[in-house]
Amino acid sequence: MQTANTDHGVPAIREEEFSPSYRWQHWIRAIAIVVLTVTGFYIAEPFLATTPNPEPTTFTNALFRSWHEIFGFVLIGVVLFKTYLFLFARQGRKEMGSLKDFFSPKIWAQQIGYYLLVSRHPELRGTYNPLQFVAYLTFYVLMVILIVTGLILYVHSYHYGLGGALYDTMTAIEVWMGGLANARTWHHIAMWGVILFVAVHVYMAIYNAVFAKDGSMDAIFSGQKWHTKH
């Protein structure tokens with residue numbers, strides 16, 4: 001365990017914040033989101049014009065769609081793995097501790113004051129502060145919407161194998177949502193929500209790295225973060 005002092009002379013300890021499995025799932029999920037965003041935009045509005053060919057050899061749309069579906073299943077796998085970590089891993093127990101901070105008015109006030117640069121960062125019992133907790137909860141709700149609506153669209157492309165096995169369940173949800181067009185619209189809305197989340201997430205990660213100086217952004221690479229002794 002490594003110790004040091006902050007700029008204010010406050011003792012700090014460098015401890016593990018994110019396990020290797022947590023960091024791997026984070027970066028695989030990030031890559032999947034980027035690929036799904038690019039291929040999703042193409043599927044919705046093709047932006048590449050291929051050279052005309054009388055032979056049936058240029059399947060650009062099919063290629064983008066296939067990569068979209070491949071990384072869609074990668075994302076499903078990562079989300080399921082993250083759910084397992086949250087429920088059963090040591091890292092998950094610390095994340096669950098964020099619920100105590102979420103229901104603390106004092107922590108809310110201190111956290112908002114920190115973002116307004118008028119107070120120090122509160123001492124948290126969990127991994128996330130209340131605002132982060134709300135953001136991540138919203139993110140995973142969006143993930144569920146994306147996955148379910150994505151599978152609804154998938155079963156209309158592949159009628160055998162997994163597509164055939166899921167067909168009855170997904171079409172029942174499709175009817176409940178008001179039809180395939182509505183499912184597709186919700187798929188797009190959820191993706192825009194994820195894009196907004198990613199933009200804010202990156203900004204806040206840089207913000208905390210600059211003002212907190214606790215290695216919070218480095219932690220997603222190294223796993224280590226500085227924790228001050230209150």
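Before going into details, it helps to say that this report is about the structure given with it. (Residues numbered from 1 in each chain as written. Predicted model: local features only at pLDDT ≥ 70, side-chain atom pairs only at ≥ 80, totals over all residues. Heavy atoms only, no water.)

**Comments concerning the overall build of the protein chain**
When helices and strands are counted, the protein chain shows 9 helices and 3 strands. Across the protein chain, helices and strands are ordered from the amino to the carboxyl terminus as β-β-α-α-α-α-α-α-α-α-α-β. Per-residue burial for the protein chain yields a buried fraction of 33% across its 230 residues. Across the protein chain, the fraction of contacts at a sequence separation of at least 24, relative to all contacts at a separation of at least 6, is 64%. Taken as a whole, the protein chain presents about 14100 Å² of accessible surface, with 68% of it coming from carbon and sulfur. (Helix = DSSP H or I, 4+ residues; strand = E, 2+ residues; numbered from the N terminus. Buried < 20%, exposed > 50% of the residue type's maximum accessible area, 1.4 Å probe, protein only. Contact = heavy atoms within 4.5 Å. Areas by Shrake-Rupley, 256 points an atom, 1.4 Å probe, with all protein chains shown as cover.)

**Quick word on the pattern of salt bridges**
According to the stated counting rule, one finds 1 salt bridge in the structure shown. A salt bridge links arginine 125 to aspartate 101; the nearest nitrogen and oxygen atoms lie 3.4 Å apart. A residue pair is termed long-range when its members are at least 10 positions apart, and arginine 125 in the loop between helix H5 (105–115) and helix H6 (130–155) and aspartate 101 in helix H4 (residues 98–102) qualify at 24 residues. (Salt bridge = Lys/Arg side-chain N within 4 Å of Asp/Glu carboxyl O.)

**A closer look at the nonpolar core**
Core analysis: the largest hydrophobic core is formed by 30 residues, its most contacted members being Ile33, Leu75, Phe139, Met143, Leu146 and Val194. Looking at which element gives the most residues to this core, the answer is H6, with 11 residues. Setting aside anything within four residues of it in sequence, one finds methionine 143 in contact with Leu75, Val79 and Val194. (Core = buried A, V, L, I, M, F, W, Y, C linked by side-chain atoms within 4.5 Å.)

**A closer look at unusual backbone geometry**
One non-glycine residue with positive phi stands out, namely leucine 117, at about 65°. On the basis of relative accessibility, which here comes to 54%, the residue leucine 117 falls in the exposed class.

**Looking at helix H7 (residues 162–177)**
Note on helix geometry: an α-helix contains 3.6 residues per turn, so any two residues three or four positions apart are oriented the same way. Here H7 spans 21 Å end to end across 16 residues, near enough to the 22 Å set by a 1.5 Å rise per residue. Along H7, the largest kink reaches about 45° and is centred on aspartate 168. Looking at the buried positions of H7, the neighbouring elements they touch are H6 and helix H8 (180–211). One or two residues past the end of H7 sits glycine 178, with phi positive at roughly 100°. (Expected span 1.5 Å × (residues − 1). Bend = angle between axes of the 7 residues up to and from the residue.)

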